[in-house]
Every structure is written in structure tokens, then in C-alpha cells.
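What follows is the residue order along each chain.
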Amino acid sequence: MLAIKTPQTWFHQSGIRHDAGKYIAPLTRHILIITSVKAWAQVNPGLEESLRASGIRWQTEIMTGYCTEDNVARYVQRAKKLGVQFIIGVGGGRVLDTAKAVADTLEGGESITIPTLAATCAAWSPLAVFYTDEGAQISSQALRTLPRLVLVDSEVIARSDVRYLKAGIVDALAKWYEFRPYLQKNPDNLGLQLKVQNARLAVDIYEKYGQQAIHDNKAQVVSNALINVIDANIAVAGMANSVRGEIPMPGVAHAIHNRLTHEPALRQWLHGERVGFSLLVQSILENDISQPDPVLLALLRQYDMPLTLAPLKEIRLAVIQAVARSIPFPRDALEYLPFTLEPTRIEQALRLTEQYVSTRAYARDLAGQSHP
């Protein structure tokens, strides 16, 4: 069966926070907002003024930590007490996933996402990713209901640290490198073709606009290049994730990433940075424990991704052995891959990553800094 689940409406406009109330008011006049201190400051006073002008009542919940079962349960109870069905997430991936999960749990619940970063496709994605309180990923929950609205303000995102945009680019690039291998054994699968075509579109956008978008983000300028890259990071990558077919197609790099979240020393890395390192590992596996794809390696370097496990320092080799034996990859998906994931091969690939980083970059990683 082929299934495609997407948000109902996507709006991307510089300064849209000043008009958000006009889009929300036809749906509801009473909302619960889940956000973070930093994200709430980034969208205000514009968002509050717009809500007030449209006659919308709201309660703001400042979230800390991760998208956890406890956080979701607490906000579900809060929404029920307030008699609210619309949950608005304002912030990055943790906040947006929490808001989507709360709405998905409520009877008749609906969500609206307002991303303040373009670091993941969480504003669009049909999933909510759950973590422990400490930040170790434990599950991905498929959502029954996706956002009614996604409101993207490029003016807000342009003011964010460029590190987030780079991480979002690599997280979206991962869809191409993760889905494409499945075509070797399944060239006629329509769902897979749709996923790969969407993923390829993101790659094409980065080839044309990536470098300029990074430059403009650093300068906090809303440009055509930045707008295109924001759309690719969130919407195009989200569309690739929204297609579900009859065969399982989990991403190998994301499976490696999920295991790496259990290492406290690597939690300073952003989601896309862990995915970037994991893509290097996947590429070595795909090329029979030899050279990684040179184009991919160049992209990882271009976007300042961490290329070693240097932050683990003296426990690095022990962690490599443990990680290699505990990658959470579904067994029923293995037969559709053109390469194998035996623990010994994963361990070899993890060890080989260290030869692809410069001395300067290695010293930077060792110091616990994954970007300049």
C-alpha cells in the first residue's frame, strides 16, 4: 500500500509571524502554545500582537529538555484542563515534535508548527521522535494527524546561528544517500521512487543555492537562496519522509545516529551533525569498507560536519565496539539493502572514519567543537 501524509497547508513568508493570527483565527480562537524561552523571544512581540489583534486567546508553556513521554503527557493534561484542541509549537525540532505528539494524543487534537530553525524537517515530518530525559533517542512515533498549518518565517530563521542551517542541509541530504541504495533491489517500487525523487530535488537545491544561503544566513539576510534552502530543509525533506510504501526503508545513517544519541559526550552535536558523521560511516559500509563516496565526503567537509568520534576521547574505542553491536536497524529491512550491516563491518567503518579528517579538524573535534 502507498500512503502519503503531509501537513494541510504550508506558508513561507518573511515576517509571517506578524500575520499569524489571520491564518489561525479561521481554525480556532483558543490555543495552547508550546515553545522555549529563546524561540518565544525570537518571534515576539510580533506573534503575540498578531494573535491579540485576531481575537485569539492563548496559554504559553515554556518547554525545557526533550520530547519525552512525560512532557507530552503533562501538556496533554494541560490542554484538557484548558479545553484546548489546537496545539501550536514554536521553536526547533524538540518543541515541534512535542506539540505534534500532544495534538496527536488529544481527542480531536490539531497542531500548527512555527519553526524558528531550519535544522530538521520536524515542522513537516509525519513523525514525533521521543527521547529519555537525558537525550537518548528511544522511539519514533508515526502520527495520525499532521499539522493543519506550517508557518515559516524566513526573517526569524535568518537570525539563527548558521550552524543550524548547515545541520539541516546535511539532514536533508541524508534522505538521498539513505533512500537511493534501496533502488538497487527495488527499481520499480513507486513509493521508493517518490522518496528518492524528492530527496534528489533537495540535493539539486543545495548544489545551486547552498553556499550562498550559508553566506546570507551569516549576514542575517533573507535572500532567494536562503528561502530555497529553508524550503528544502523542511518541506522537501519532509515530503521525502511523508511517503510510505509496502517495503520498510529505514535510513542506515539515521539508525547509527539513533545509537549515538546514547553517548553523553556526543549530545553537544546537533541532530544533523550526528547524521552527517553517520552518513560517512554508511558510505564506507556501502563501498565495502573502502573509500567513502568522494562527493559526500566533500559535502560533509563543506558543511563542517564532525568526521570523527574524537569527543569520546579515551573511551572512543570501547564505544565504537559497543555501538557496532547495537545499531537499532529493523531486521525485515536488511534484505532490501545492497550491503550488509554485520557488527564487525560497522566497527571497521567506524574506525576508518578517522583517516578522513584533517589534523586541524580533529583537534577541533577533540576539543568538543563540531563547527568553527
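Criteria and cut-off values
Residues numbered from 1 in each chain as written. Predicted model: local features only at pLDDT ≥ 70, side-chain atom pairs only at ≥ 80, totals over all residues. Heavy atoms only, no water. Helix = DSSP H or I, 4+ residues; strand = E, 2+ residues; numbered from the N terminus. Rg over C-alpha atoms; globule rule 2.2 N^0.38 Å. Buried < 20%, exposed > 50% of the residue type's maximum accessible area, 1.4 Å probe, protein only. Contact = heavy atoms within 4.5 Å. Areas by Shrake-Rupley, 256 points an atom, 1.4 Å probe, with all protein chains shown as cover. Lys, Arg positive; Asp, Glu negative; His and termini not counted. Charge placed at Lys NZ, Arg CZ, Asp CG, Glu CD. Pairing = 2+ DSSP bridges. UniProt positions renumbered as here; feature names shortened; annotations may be inferred. Polar contact = N/O pair within 3.5 Å; in protein donor to acceptor, adjacent residues only side chain to side chain. Salt bridge = Lys/Arg side-chain N within 4 Å of Asp/Glu carboxyl O. pLDDT = per-residue confidence, 0-100. Patch = residues over 30% accessible without salt bridge, like charges linked within 9 Å, V, L, I, M, F, W, Y side chains within 5 Å.

The protein appears in an unreviewed UniProt entry as Iron-containing alcohol dehydrogenase family protein from Phytobacter ursingii.

**Q** Can you break down the overall build of the protein residue by residue, with the values?
**A** Broken down by element type, the protein carries 16 helices and 10 strands. Relative to its length of 372 residues, the protein is compact, with a C-alpha radius of gyration of 20 Å against a globular reference of 21 Å. If you line up the protein on its principal axes, its C-alpha atoms span 60 × 45 × 40 Å. Across the 372 residues of the protein, 59% fall into the buried class. By sequence separation, contacts in the protein at least 24 residues apart represent 79% of the contacts at least 6 residues apart. Carbon and sulfur atoms make up 51% of the accessible area of the protein, which totals about 15,200 Å². Considering the protein, the positive charge centre built from 38 side chains and the negative charge centre built from 36 side chains are found 3 Å apart.

**Q** I'd like a rundown of the pairing of strand β3 (residues 30-35), residues and numbers included.
**A** Among the six residues that make up β3, six are buried, leaving the element largely enclosed by the rest of the structure. Judged by which residues are buried, β3 turns out to be covered on both faces: H30, L32 and I34 on one side and I31, I33 and T35 on the other are all buried. Alignment of β3 against strand β4 (residues 57-62), held across six bridges, turns out to be parallel. Residue pairing in the sheet places I33 in a bridge with T60 of β4.

**Q** I'd love a proper account of the environment of L151, names of residues and values included.
**A** Considering the arrangement of structural elements, one finds L151 in strand β9 (residues 149-152). Judged by its relative accessible area of 1%, L151 falls in the buried class. Sequence-distant contacts of L151, defined by excluding residues within four places in its chain, comprise F11, I16, A20, Y23, T113, I114 and P115.

**Q** Which residues make up helix α10 (residues 252-260), and what are the values?
**A** Burial analysis of α10 places nine of its nine residues in the buried class, the great majority of the element. Listed as buried for α10 are V252, A253, H254, A255, I256, H257, N258, R259 and L260. Considering only its buried residues, α10 is in contact with β8 (137-142), α7 (162-179), α11 (271-286) and α13 (316-324).

**Q** I'd love a proper account of the UniProt feature "binding site: glycerol" (unreviewed entry) in the protein, names of residues and values included.
**A** Residues annotated by UniProt as "binding site: glycerol" (unreviewed entry) correspond here to D171, H254 and H271. A maximum C-alpha distance of 9.5 Å is found for the annotated residues, which run over 101 residues; spatially they form one tight group. Position of D171 relative to the elements: it lies in helix α7. On the accessibility criterion, D171 (3% relative accessible area) is buried. Sequence-distant contacts of D171, that is, excluding residues within four places in its chain, are made with A119, T120, C121, H254, H271, G272 and V275. Checked against the element boundaries, H271 lands in helix α11. Aside from chain neighbours lying at most four places away, what touches H271 is T120, D171, H254 and H257. Within the structure, H271 has its side chain in polar contact with the side chain of H254 (distance 3.4 Å).

**Q** So what's going on with unusual backbone geometry? Which residues, and what values?
**A** Note the cis peptide between N44 and P45, where omega equals 15 degrees. Positioned with a positive phi, D304 is a non-glycine residue whose angle comes to about 60 degrees. Mapped onto the elements, D304 comes out in the loop between α12 (294-302) and α13. In the Ramachandran plot, K313 falls in the positive-phi region, its phi being about 55 degrees despite a non-glycine side chain. Relative to the elements of secondary structure, K313 occurs in the loop between α12 and α13.

**Q** Please give an account of the pattern of salt bridges that cites residues and values.
**A** Per the counting criterion, the structure on display carries 16 salt bridges. A salt bridge links K166 to D304; the nearest nitrogen and oxygen atoms lie 2.6 Å apart. With a gap of 138 residues between them, K166 in helix α7 and D304 in the loop between α12 and α13 connect regions that are remote in the sequence. The buried category is assigned to K166, whose relative accessible area is 10%.

**Q** For the confidence of the model for the protein, give the residues involved together with the corresponding values.
**A** Caution applies to low-pLDDT regions: their predicted coordinates should not be interpreted in detail. Across the protein, the average pLDDT comes to 93, with 96% of residues at or above 70. Every residue in residues 358-363 is under pLDDT 50, and counting partners more than four places away or in other chains gives five contacts.

**Q** Describe the UniProt feature "domain: Alcohol dehydrogenase iron-type/glycerol dehydrogenase GldA" (unreviewed entry) in the protein, and please don't skip the residues or the numbers.
**A** Residues given the UniProt feature "domain: Alcohol dehydrogenase iron-type/glycerol dehydrogenase GldA" (unreviewed entry) here are residues 7-153. For residues 7-153, the helix share is 32%, the strand share is 29%, and the end-to-end C-alpha distance is 17 Å.

**Q** Let's hear about a nonpolar patch on the surface: which residues, and what values?
**A** Taken together, L2, I4 and L190 make up a surface patch of nonpolar side chains, about 280 Å² in accessible area. Tracing the sequence through the fold places I4 in strand β1 (residues 3-4).

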